[in-house]
Structure formats: C-alpha cells, structure tokens
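Chain residues, written in single-letter form:
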Amino acid sequence: MTGAQFAKVGGTNATLSDLFVTDNIPYGTCVMFANEAGTYDTIKYLEEAYDEVKDDFYPGWGDVEEYLVSNAVVPGTGFWVIAPSAIELTQVGEVVDKDTYTVTIPANIYTMVANPFPKGFNPNEAIWSDNLPYRTELMTLNADGSYTTYRYLEEAYDEAKDDFYPGWGDVEEFLITKSIASEGAGVWVLSTEEITITFKK
C-alpha cells in the first residue's frame, strides 16, 4: 500500500507513466485504486496496451480492456501495488509546491491516502477538519499482512504531560507521538462524515 508523493515536473498531476520508473516493473504489475463504490479500479502494466489515438500497441499502463490509460494521479492518493515478483518501486516527479496540501475523504468509505510530501505520517501533526468525529479510524498495513488501527479520541493519554487530550491514539488509547507510516506508505481512513486532512510540508 503506497501513494502518490509527487506531481509531474511543472506542477500538474502526474500519470502513472510520469510517476513510476518502469525499467524494473514486470509486465502484469497492477495498481488498484479504491473507488466510491467500495471496490477497486485496476490498471495493469502491459507489454501491449492499445493506443486508440495512434491505433497501435505499446508497452504501458492499461485498463481492464487493455486500452492505454493516462489518468492523472492526484498527490496524496493512496493505492495498492501488486506485482508478480518483488520490485523496488521508484517514484519520480516534483514535490508539491505548497506548504500544505488538503485531501478530502468521503463519508463511510475506506479511503486510501498518503502524505504527498517526502516524509512519514504522524496524524497528530496533520490538520483535520473541525467536524472530525471521535472514533474516526486510521489503518496501516504491517509486514505480515495484518493491520494496526488508530482512532481519533476525545481523551488520548499523553505520557509526557501525564494528562488526557483530544487526539489520535493507539489501541491502548495512548497519544501517538511519532510517524505511524513511513515515507511513501499509504493508510486507510474511515469516517462517518466527509472530512478533510491537510498535510504539512
């Protein structure tokens, strides 16, 4: 589970072809984006994807019907990458030219997001919308395929101050004080209301 950390050089949203160095990506590698229907839109790296404009076949990212696609990937979007063999995935592009970047998360749908800046993610350092409901969830993927869940709490225990404060806490309701996701890693967010998260450079 990863995410788009960069824009295309020049500041526009990048396509998968812009974002990924494909020299080491095996054919058959899939990128899966969660959609509002609760399912996934899948794009696959193909040896022969059909380019309608040129009426010919080329290596590239294709949809389920194997048509070449050029969908823009908005920085901060999280997604799955599933490869037929182990790969080192390299992203290229331009860091978002802003001090902050806001992502909207719809209500009642698990949504994948990623920090669009080249740094880890501590949810207590981000800016959340004022209507953020208590018990909103974040989930990170572990190496063994399991998940770790964090929640926005009315009272999370701050060990340093020996007191309770509203904030993101772990399963034992301790306030999170460090990154829960490494640079480039995606996280799931689930809220009962539409919310926004603003990442800070």
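Residues numbered from 1 in each chain as written. Predicted model: local features only at pLDDT ≥ 70, side-chain atom pairs only at ≥ 80, totals over all residues. Heavy atoms only, no water.

Some points on the overall build of the protein chain
So, step 1. Per the secondary structure count, the protein chain includes 1 helix and 17 strands.
So, step 2. On C-alpha atoms alone, the protein chain measures out to a radius of gyration of 18 Å, which is about the 17 Å that the 2.2 N^0.38 rule sets for 201 residues.
So, step 3. In terms of principal-axis extent, the alpha carbons of the protein chain reach across some 65 × 35 × 30 Å.
So, step 4. Residue pairs in contact within the protein chain that sit at least 24 positions apart in sequence constitute 62% of those at least 6 positions apart.
So, step 5. Carbon and sulfur atoms form 47% of the exposed surface of the protein chain, whose accessible area is close to 11000 Å².
So, step 6. Taken together, the 11 basic and 33 acidic charged side chains of the protein chain have centroids lying 6 Å from each other. (Helix = DSSP H or I, 4+ residues; strand = E, 2+ residues; numbered from the N terminus. Rg over C-alpha atoms; globule rule 2.2 N^0.38 Å. Contact = heavy atoms within 4.5 Å. Areas by Shrake-Rupley, 256 points an atom, 1.4 Å probe, with all protein chains shown as cover. Lys, Arg positive; Asp, Glu negative; His and termini not counted. Charge placed at Lys NZ, Arg CZ, Asp CG, Glu CD.)

Quick word on unusual backbone geometry
As a rule of thumb, non-glycine residues mostly have phi less than zero, and peptide bonds are mostly trans rather than cis.
So, step 1. Of note in this structure, glutamate 66 is not a glycine but carries a positive phi near 65°.
So, step 2. Along the chain, glutamate 66 falls in the loop between strand 6 (56-62) and strand 7 (72-73).

Digging into the pairing of strand 8 (residues 78-82)
As a general feature of sheets, a regular strand has side chains that alternate between the two faces.
So, step 1. Across 2 bridges, strand 1 (residues 2-3) lies against strand 8 in antiparallel orientation. The residue bridging threonine 2 from the neighbouring strand is phenylalanine 79, located in strand 8.
So, step 2. For strand 4 (residues 30-34) and strand 8, the ladder comprises 3 bridges, and the chain directions are antiparallel. For methionine 32, the partnering residue across the bridge sits in strand 8 and is tryptophan 80. (Pairing = 2+ DSSP bridges.)

Regarding the environment of glutamate 36
So, step 1. Take glutamate 36: it is sitting in the loop between strand 4 and strand 5 (40-51).
So, step 2. On a C-alpha basis, the gap between glutamate 36 and tyrosine 110 in space is 8.8 Å, while along the polypeptide they are 74 residues apart.

Considering the pattern of salt bridges
So, step 1. Summed over the entire model, instances satisfying the criterion amount to 2 salt bridges.
So, step 2. For arginine 135, the salt bridge goes to glutamate 173, with nearest N and O atoms at 3.6 Å. Residue arginine 135 is located in the loop between strand 12 (127-128) and strand 13 (137-141), and its partner glutamate 173 is located in the loop between strand 15 (163-169) and strand 16 (186-190); the two are separated by 38 residues in the primary sequence.
So, step 3. The closest approach of N and O atoms between glutamate 137 and arginine 151, which form a salt bridge, is 3.1 Å. Of this pair, glutamate 137 sits in strand 13 while arginine 151 is found in strand 14 (residues 147-158), placing the two residues 14 residues apart along the sequence.
So, step 4. Here glutamate 137 falls in the buried class, since its relative accessible area comes to 16%.
So, step 5. On the basis of relative accessible area, arginine 151 is assigned to the partly exposed category, the value being 27%. (Salt bridge = Lys/Arg side-chain N within 4 Å of Asp/Glu carboxyl O. Buried < 20%, exposed > 50% of the residue type's maximum accessible area, 1.4 Å probe, protein only.)

Examining the nonpolar core
So, step 1. Phe121, Trp128, Leu138 and Ile197 are the most contacted members of the largest nonpolar core, which totals 22 residues.
So, step 2. Not counting residues up to four positions away in its chain, the partners in contact with leucine 138 are Phe121, Pro123, Trp128, Thr148, Thr149, Tyr150, Trp168, Ile180, Val187, Trp188 and Val189. (Core = buried A, V, L, I, M, F, W, Y, C linked by side-chain atoms within 4.5 Å.)

Comments concerning the sheet that holds strand 8
So, step 1. Ordered in space as 1-8-4-5-6, the 5 strands form an open sheet in which the pairing is antiparallel. The sheet terminates laterally at strand 1 and strand 6, the two strands that pair on one side only.

As for the packing of aromatic side chains
So, step 1. This structure, assessed with the given rule, holds 15 aromatic pairs.
So, step 2. Ring centres 6.1 Å apart and planes at 50° place the aromatic pair phenylalanine 20 and tryptophan 61 in the tilted group. With phenylalanine 20 in the loop between helix 1 (16-19) and strand 4 and tryptophan 61 in strand 6, the pair connects residues that are 41 residues apart, well separated along the chain.
So, step 3. Since its relative accessible area comes to 3%, phenylalanine 20 is described here as buried.
So, step 4. Judged by relative accessible area, tryptophan 61 falls into the buried class, the value being 2%.
So, step 5. With a centroid separation of 5.1 Å and 50° between ring planes, the pair formed by tyrosine 157 and phenylalanine 164 is classed as tilted.
So, step 6. Connected via pairs of aromatic rings, a cluster forms that spans Phe20, Tyr27, Phe33, Tyr45, Trp61 and Phe79.
So, step 7. Between the NZ or CZ atom of lysine 54 and the centre of the ring of tyrosine 58, over which it lies, the distance is 5.5 Å.
So, step 8. Geometry around tyrosine 165 places lysine 161 over its ring, the cationic atom sitting 5.5 Å from the centre. (Phe/Tyr/Trp six-rings, centres within 6.5 Å; stacked < 30°, edge-to-face > 60°. Lys NZ or Arg CZ within 6 Å of the ring centre and 35° of its normal.)

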